[in-house]
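Summary of structural features
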Amino acid sequence: MPLSNLNEEQLEAATCNRGFNLIIASAGTGKTSTIVGRIANLINNGVQPKEILLLTFTNKAAAEMVQRVAKFFGKDVAKQIMAGTFHSVSYKLLKELNKNITLKQPNELKTLFKSLYEKRVFYEREEGINPYDGGYLYDMYSLYLNSNEGEGFGEWVKNKNPDHELYVMIYEDVVLEFNELKKKYGYANFDDLLTIMLETLEEEEFEFKEILVDEYQDTNPLQGRLLDGFRPKSLFCVGDYDQSIYAFNGSDIGIISTFSSRYKDAKVYTLRKNYRSSKPILDLATKVIEHNERIYEKNLEVMRTQTNHKPRLLAFNELFSQYHYISELISQSETPHNEIAIIFRNNSSADGIEANLREFSIPAKRKGGMSFFDSVEIKFILDMLVMQLSHNDMMAFIHVLEHGKGIGKAIAKDVFDALIKLGHGDMFKGLFSPDQDIRNPYESNKVKNIQLGLFDDFIELGSVSKFKDCGFEEAFLGNPILKHPKLSVDGAKYIYDFYLLLKHLRRSRNPETLVSNISSSMMYSKIKEILATKRATQKDGTVNVVQKTKGLAKINRKIMLLKNLSRNFNDLSKFVNSMILGGSEMSEGDGVNLLSVHASKGLEFKEVYVIDLMDGRFPNRKLMSKGGSIEEERRLFYVAVTRAKDVLYLSFAKYDKIKKLTFVASLFLKEAGLVKGDEDEKIAGDPQI
């Protein structure tokens, strides 16, 4: 049984009385085993699996815990546990209540938000103070939803930056229009799932006997309110304040630090035995993190004695010498590539190391940058699938059409609105059997409001005669959407390819069949050609033929991966929603792991390189000036270092010859005792212990 494998501290926590319990679980202390043990204890004591709610930071973590429960109680019991992230659990519960929700990735709705924002004109401007751009305002609104304490968006913006009070009325109106459009089309991004769930909990009650929360230190105020919205009778929260690293997303370390005062008769348990890292690695991590204020006391005990490689400091005279030397070290390492991680604070660091690894023919997979599902080639296929589920999905339509030559987001939205009008509310009808009595589907209905930055934008119709020799079907040639004055011949041909593909796809609902049909279509072959050419185009405008061939091969590998994923599903809706909810957790390929510190969270590797440890980069002073803190940067360093089990390299460089920047060693290297006085003047590649 899971309980028999626990040490004394883990067992005490896992079998504690029901109520409000906080478990402080430092890196490598076996928090997953403790959570699984707790679930086993609940089931053994008569709690039904369906009465257990498990909230985790990733869906992958939830799945692993449920699988471990299944080993002891069987799959039929384990699958009854409601488990997943705050977002995925909210989605499942809302679906159970038959709520009409079309789930969208945050970046998809950012496109919609920006299209609304770009219609605004800021006539009154404060000297030297420019309004936020649309993308930044969207990110601010997301942060507001996750971190506000009950105030309105306008008030929140003014508190953050009083200089923007002049623009607040337009900001608020863009948000209002954005939310109205989302409601109209049933769209919800991850933030919306939580706000809708919170509203739902005011009327609905779920009978969970205990709620378990993993990575509790990264809970934000919105998630905290949602947790309380469930009106829990028993809470089992597991976390480590030293690993709270998501303040930029609104997480509040105050939530874990005030647990004892917020919940009556709360109990705090501490797991002290570390099973992951060697003593030298853990000693270094502890030495640095102890510069942060101690919220709950803990003295970690190292359980591993079989290895004693001391962390090594590598100091370099030049930035790219660092990347080259590390790549050379890895090429000589006997550690399997998938057991090696290079961890970085900034994406620019990853670009440099990735290029050098390629020179040594070392395979690498990168996580913490663009998701597999955010790549255009995969997003295109998923958007086509979304339109099979919902004909009127505006965002999917815009994302597919904007790739056509001369189309872009603005014309794509105009065409969508026209098709809705021509189809009397159904985009497919507007495309395949338009109402010919509507002569001007592009007539504007917007109301002028100068105070809110809105102005009339009437579109005069264009001629369709230029499309007569394009070889279009008669039915398509007669569609009034072709009257858009800015639509080019190339753009019309692209829309025609879209028209033919949609006709073909209407014959199937099977995920694998649909993915195959889309990826083998004429339209998709043009998309692949556009992308591969663009990615192989050099600075002088010429196309590198070898890179283009490699680019096409890479696209085809991604398609094969998506096909393999689709084979696990018979239901198209479940497949699409699974890809959206779990997309950010996937990394592609095999090889050395290139990870941002945030992406490395919860993982462990035999050999770890933490690179670019220069003051300014790590800690990142720029982000600190925008509301971060040295304490959070120190927690990021702690997380990075404690990913290592056996071998740890820490590296920094003194000069960037491309940007002509001079660096000094990171504060954290000094706090670790690895750099003292003029020791940071050591020559490149000289390992220091």
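This one's a predicted model, so the numbers in the text were calculated from it and none came from an experiment. (Residues numbered from 1 in each chain as written. Predicted model: local features only at pLDDT ≥ 70, side-chain atom pairs only at ≥ 80, totals over all residues. Heavy atoms only, no water.)

**What about the overall build of the protein?**
- Within the protein one finds 30 helices and 19 strands.
- The C-alpha atoms of the protein give a radius of gyration of 27 Å, which matches the 26 Å a tight globule of 689 residues would have.
- The proportion of buried residues among the 689 residues of the protein is 54%.
- The long-range share in the protein, meaning contacts at least 24 apart out of those at least 6 apart in sequence, stands at 76%.
- A total of about 31,300 Å² of accessible surface is found on the protein, and carbon and sulfur atoms cover 48% of it.
- Across the protein, 93 positive and 93 negative side-chain charges occur, with their mean positions spaced 4 Å apart. (Helix = DSSP H or I, 4+ residues; strand = E, 2+ residues; numbered from the N terminus. Rg over C-alpha atoms; globule rule 2.2 N^0.38 Å. Buried < 20%, exposed > 50% of the residue type's maximum accessible area, 1.4 Å probe, protein only. Contact = heavy atoms within 4.5 Å. Areas by Shrake-Rupley, 256 points an atom, 1.4 Å probe, with all protein chains shown as cover. Lys, Arg positive; Asp, Glu negative; His and termini not counted. Charge placed at Lys NZ, Arg CZ, Asp CG, Glu CD.)

**A closer look at unusual backbone geometry**
- The omega torsion across Phe618 and Pro619 is 15°, close enough to zero to call that bond cis.
- One non-glycine residue, Arg231, lies in positive phi territory at about 50°.
- With respect to the element layout, Arg231 can be found in the loop between helix 11 (221-229) and strand 7 (235-239).
- By relative accessible area, which is 40% here, Arg231 ends up partly exposed.
- At Asp265, a residue that is not glycine, the phi angle is positive and equals roughly 55°.
- Among the structural elements, Asp265 can be located in the loop between helix 13 (259-262) and strand 8 (267-271).

**Observations concerning the packing of aromatic side chains**
- Inspection of every chain in the model, using the stated rule, returns 37 aromatic pairs.
- Taking 5.7 Å as the distance between ring centres and 20° as the angle between the ring planes, the aromatic pair formed by Tyr185 and Tyr187 counts as stacked. For the residue pair Tyr185 and Tyr187, the accessibility class agrees, reading buried in each case.
- Between Phe397 and Phe416, the ring centres sit 5.4 Å apart and the planes meet at 55°, which makes this aromatic pair tilted. Placement of the pair is Phe397 in helix 18 (residues 394-401) and Phe416 in helix 19 (residues 408-422), with a sequence separation of 19 residues. This pair shows no difference in class: Phe397 is buried, exactly as Phe416 is.
- By way of ring pairs, the aromatic residues Phe428, Phe432, Phe472, Phe476, Tyr496 and Tyr499 are connected into one cluster.
- Residue placement shows Arg506 over the ring face of Phe432; its charged tip is 4.5 Å from the ring centre. (Phe/Tyr/Trp six-rings, centres within 6.5 Å; stacked < 30°, edge-to-face > 60°. Lys NZ or Arg CZ within 6 Å of the ring centre and 35° of its normal.)

**Topic: the pattern of salt bridges**
- A full pass over the atoms with the stated rule returns 32 salt bridges.
- Its salt-bridge partner being Arg38, residue Glu210 comes within 2.8 Å of it at the nearest N-O pair. In this pair, Glu210 is assigned in strand 6 (residues 210-213) and Arg38 in helix 2 (residues 31-44), connecting sequence segments 172 residues apart. The pair formed by Glu210 and Arg38 is uniform in burial state, with each residue classed as buried. (Salt bridge = Lys/Arg side-chain N within 4 Å of Asp/Glu carboxyl O.)

**Some remarks on the confidence of the model for the protein**
- Of all residues in the protein, 92% have pLDDT values of 70 or greater, and the mean over the chain is 85.
- Within the model, pLDDT remains below 50 along residues 583-588, and this stretch shows 19 contacts once partners closer than five positions in the same chain are excluded.
- pLDDT under 50 marks residues 679-689. Its contacts with residues more than four places away, or in other chains, come to 33 contacts. (pLDDT = per-residue confidence, 0-100.)

**A short note on the side chain of Arg345**
- In this fold, Arg345 is placed in the loop between strand 12 (340-344) and helix 16 (347-359).
- The class for Arg345 is buried, based on a relative accessible area of 15%.

**Concerning helix 5 (residues 86-96)**
- Of all the 11 residues making up helix 5, eight are buried; the element is thus mostly covered by neighbouring parts of the structure.
- Every buried residue of helix 5 is accounted for by Phe86, His87, Ser88, Val89, Ser90, Tyr91, Leu93 and Leu94.
- One or two positions beyond helix 5, positive phi appears at Asn98, with a value near 60°.

**Overview of the pairing of strand 15 (residues 605-610)**
- Within strand 15, five of the six residues are buried, leaving the element largely enclosed by the surrounding structure.
- In the sheet, strand 15 pairs with strand 16 (residues 644-653) via five bridges, with the strands oriented parallel. What sits directly across from Glu607, in strand 16, is Val647. (Pairing = 2+ DSSP bridges.)

**Description of the packing of helix 6 (residues 106-117) against helix 18**
- The N-to-C vectors of helix 6 and helix 18 enclose an angle of 85°; their axes lie 10 Å apart at closest approach. Taken together, the axis directions place helix 6 and helix 18 in an arrangement best described as roughly perpendicular. The segment helix 6 lies against helix 18, with Glu108, Leu109, Thr111 and Leu112 engaging Met394, Met395, Ile398 and His399.
- Looking at the contact of helix 6 with helix 18 residue by residue, the classes come out as five nonpolar, two polar and one charged. (Axes fitted to C-alpha atoms, helices over the stretch in contact; angles between N-to-C directions. Parallel < 35°, antiparallel > 145°, perpendicular 65-115°, else oblique. Nonpolar A, V, L, I, M, F, W, Y, C, P; charged D, E, K, R; others polar.)

**Notes on the sheet that holds strand 6**
- Pairing is parallel across the open sheet formed by six strands, whose spatial order is 3-2-6-7-1-8. Only two strands of the sheet have a single partner each, and these edge strands are strand 3 (82-84) and strand 8. Within the sheet, the average angular offset between the axes of one strand and its neighbour, ignoring direction, is 10°.
- Judged from the three bridges that link them, strand 2 (residues 52-55) and strand 3 form a sheet pairing that is parallel. Of the residues in strand 3, the one forming a bridge with Leu54 is Ala83.
- Relative to the sheet, helix 2 contacts strand 1 (20-25), strand 2, strand 6, strand 7 and strand 8, its axis offset from that of strand 6 by approximately 170°.

**Comments concerning a negative patch on the surface**
- Side chains of Glu199, Glu202, Glu203 and Glu204 sit close together on the surface and give a patch of like negative charge.
- Topologically, Glu202 is positioned in the loop between helix 10 (190-200) and strand 6. (Patch = residues over 30% accessible without salt bridge, like charges linked within 9 Å, V, L, I, M, F, W, Y side chains within 5 Å.)

**Re the environment of Asn564**
- Inspection of the secondary structure assignment puts Asn564 in helix 25 (residues 545-566).
- For Asn564, a relative accessible area of 37% gives the class partly exposed.
- Placed 52 residues apart in sequence, Asn564 and Glu512 show a C-alpha to C-alpha distance of 8.1 Å.
- Polar side-chain contacts of Asn564 include one of 2.4 Å to the side chain of Arg567. (Polar contact = N/O pair within 3.5 Å; in protein donor to acceptor, adjacent residues only side chain to side chain.)

**With respect to the environment of Asn577**
- Mapped onto the fold, Asn577 is located in helix 26 (residues 572-582).
- Put simply, Asn577 and Leu54 are 523 residues apart on the chain and 20 Å apart in space, counted from C-alpha to C-alpha.
- Aside from chain neighbours lying at most four places away, what touches Asn577 is Tyr91 and Leu103.

**Overview of the nonpolar core**
- Counting 89 residues, the largest nonpolar core has Met384, Leu385 and Phe498 as its most contacted members.
- If one sorts the elements of this core by residue count, helix 22 (residues 489-505) sits on top with nine residues.
- What Leu385 contacts, discounting residues up to four positions off in sequence, is Leu514, Val515, Ile518, Leu572, Phe575 and Val576.
- By size, the runner-up hydrophobic cluster in this structure holds 60 residues, among which are Leu313, Val592, Ala599 and Val610. (Core = buried A, V, L, I, M, F, W, Y, C linked by side-chain atoms within 4.5 Å.)

**Brief notes about a positive patch on the surface**
- Together, Arg358, Lys550, Lys554 and Arg557 make up a positively charged patch on the protein surface.
- The element best represented in the positive patch is helix 25, accounting for three residues.
- With respect to the element layout, Arg358 can be found in helix 16.

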